Amino acid sequence: MIAANSPLNSASLIPAPLRQGFTSFSEPRFCATRTRMDFLQRFVGGGCFRGFTRQGLKVEINGAGEDVFDAAAAAANNNAVPEHLVVMVNGIIGSASDWRYAADQFVKKLPDKVIVHRSECNSSRLTFDGVDLMGERLAKEVLAVVRKRSEVRKISFVAHSLGGLVARYAIGRLYEPFPKPEPAGDNANCLIEGNTNNLTQSHDQPHQGTIAGLQAMNFITVATPHLGSRGNKQLPFLCGLPFLERRASQAAHFIVGRSGKHLFLTDKDDGRPPLLLRMVNDSDDLKFISALRAFKRRVAYANANFDHMVGWRTSSIRRQHELPKSNLLVIDEKYPHIVHVKQETFDDVHNNASSAAEDQNIDLEENMIRGLTQIPWERVDVSFQKSRQRYIAHNTIQVKRYWLNSDGADVVFHIIDYFVL
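Only a predicted model underlies this, so the values are computations on that prediction, with no experimental measurement involved.

This brings us to a nonpolar patch on the surface. Among the surface-exposed residues, Ile392, Trp403 and Leu404 lie close enough to one another that they form a single nonpolar patch of about 330 Å² accessible area. Note on placement: Ile392 falls in the loop between β12 (378–382) and α13 (393–396). Relative accessible area serves as the criterion here: at 31%, Ile392 is assigned to the partly exposed category.

Let's shift gears to the pairing of strand β4 (residues 84–89). Burial runs high along β4: six of the six residues are buried. Neither face of β4 is open: one carries His84, Val86 and Met88, the other Leu85, Val87 and Val89, and all of them are buried. In the sheet, β4 pairs with strand β5 (residues 114–119) via five bridges, with the strands oriented parallel. Within the sheet, the bridge partner assigned to Met88 lies in β5 and is Arg118. Two elements, β4 and strand β6 (residues 154–160), share six bridges in a ladder whose sense is parallel. Residue pairing for β6: Val89 is matched across the bridge by Ala159.

Let us look at the nonpolar core. Leu138, Val142, Phe157 and Ile211 are the most contacted members of the largest nonpolar core, which totals 57 residues. Put simply, the parts of the chain that give this core at least two residues each are β4, α5 (131–148), β6, α6 (162–174), β9 (215–222), α8 (275–278), α9 (288–294) and α12 (364–372).

A few words on the packing of aromatic side chains. Considering all chains together, one arrives at eight aromatic pairs under this definition. Between Tyr101 and Tyr402 the ring centres are 5.0 Å apart and the planes differ by 25°, which places this aromatic pair in the stacked class. In this pair, Tyr101 is assigned in helix α4 (residues 100–109) and Tyr402 in helix α14 (residues 402–405), connecting sequence segments 301 residues apart. Among the residues examined, Tyr402 registers a relative accessible area of 46% and is labelled partly exposed. Both rings, one in Phe157 and one in Phe295, keep their centres 6.3 Å apart while their planes meet at 75°; by these two values the pair is edge-to-face. Within this pair, whereas Phe157 is found in strand β6, its partner Phe295 is found in the loop between α9 and β10 (297–303), the two being separated by 138 residues in sequence. Here Phe157 matches Phe295 in class, with each residue buried. Each member of the aromatic cluster is reached from another via a ring pair, and the members are Phe157, Phe219 and Phe295. The ring of Phe413 carries the charged tip of Lys109 above its face, separated from the ring centre by 5.2 Å. The ring of Phe306 is capped by Arg390, whose NZ or CZ atom sits 5.8 Å from the centre of that ring.

Each value, and the rule that gives it
Residues numbered from 1 in each chain as written. Predicted model: local features only at pLDDT ≥ 70, side-chain atom pairs only at ≥ 80, totals over all residues. Heavy atoms only, no water. Patch = residues over 30% accessible without salt bridge, like charges linked within 9 Å, V, L, I, M, F, W, Y side chains within 5 Å. Areas by Shrake-Rupley, 256 points an atom, 1.4 Å probe, with all protein chains shown as cover. Salt bridge = Lys/Arg side-chain N within 4 Å of Asp/Glu carboxyl O. Helix = DSSP H or I, 4+ residues; strand = E, 2+ residues; numbered from the N terminus. Buried < 20%, exposed > 50% of the residue type's maximum accessible area, 1.4 Å probe, protein only. Pairing = 2+ DSSP bridges. Core = buried A, V, L, I, M, F, W, Y, C linked by side-chain atoms within 4.5 Å. Phe/Tyr/Trp six-rings, centres within 6.5 Å; stacked < 30°, edge-to-face > 60°. Lys NZ or Arg CZ within 6 Å of the ring centre and 35° of its normal.

This is how it looks when you write it as C-alpha cells:
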C-alpha cells in the first residue's frame, strides 16, 4: 500500500529535533510542554481508549481523533462499520471538536453509508509546525484508521482552512498508482483485489490510483488558502494595504511558526521553492497532483465576503477576473448562503490552460493556479452577507460551534447532499 522507502514506513515519523522535545527546532524554537509531549506519545501509541453513544451515534475516541458512526446501523451489520471513510481535518489552532456538528449530520443523513473520522493529530499549537510535518502526521493517522477499520473501501476528505493544505500534503504521501497493464496475454486486463471493473486507465483519464489503498471519492476544502496568504487581499483583515501585507509576510512565522512561512511562501528549505509551490506538481516521492486526480470530485467551498482570514481568490483557486460578478450571485431557497456553483470538466481545463499559456505574466500565485487547475474543480461560493454571523464567516462556513455559527448549517447540508458515495 505504501512504498518500502516511504517515510511512513520508517521507525519514526517525527523528525529527530521534534522527538527531542522540540528544543532543537530552531524555526520556530518551541519549548515542549508536558501536555504536548503526552499528546504526541498518545498519538504515536494509538489505540482506542474510550467509547460512548450520543443521540444514536456511536463515538469512539482513540489516540488520534474520533470515529463517529450510526450505532443501530452497525449493530444490524454485525457491528461492522460502513465502507466509506470520511476524514475531517481542522484548521489552524483547531481541534477535532471543530467538525462535531458536521460529522453528526453526515452520520445522521447517511447512517449506513459513512463512518466519519475527526482528526486530532494536528490540534492547537501543533498547527504551527508547518504543512509538511502536519501532513505527515495526518497520513500516519489515516493509515492507522484504515488498518483498524478493515471494512472500509472508500475514502473522502473534508478539510477546513489550513487543514485543506494539510490534507493535500497527506494524500500526496498516501497515493499509490494502479499497477501498469501487462503488455499482452491473459493478464492484460488484470483486476485489482476483487473489483469487477478494469481499473487500469490511460494517462489522460482520471482516477489513476488509490489513497491509503482505498478508492478516492470526494476531496472537499472549506475556506482553504490554496494559494497561500501572500497576495493582495489574500488575508482580508489587512484591508489590502501593501505595507501591512509586507509586514505580515515578514512577521507571520513569529506568530504561527513554520505554518506562517508556508502560508506566505517565505520558506526556503535547502534552497528549494516554497512548499505550496512544490505542492502543485508531483515530485519523486510525493504525488500531489496525481493524488488529487485520483478523487472523483474535488470541491472548493469559498466565502465570497466577510471572511477576514482567507481571501476569495485563494480559497476558490481563481484569478481576480474569474471571480463571479455580483449579478451572477443567486439565492437558493434550500441553501440560502450558497450563492454560486460552477463545475468544471476536463474540457474546461484544457481550454483554460490554452488561454493561460498566452499570458506571459507569471508569478508565484499564477504558477500555483496553473498547477492546481490541471484537473477540474467544483467551486461553491458562499455568502453570509445578510447573516448576523457574517463577521465570523470563516468559522460559520463549517459550523465550528453551533451556538455561534449555526447559519452555516445549510453549507454543511449542501456538502452532504452532493457527496458522492
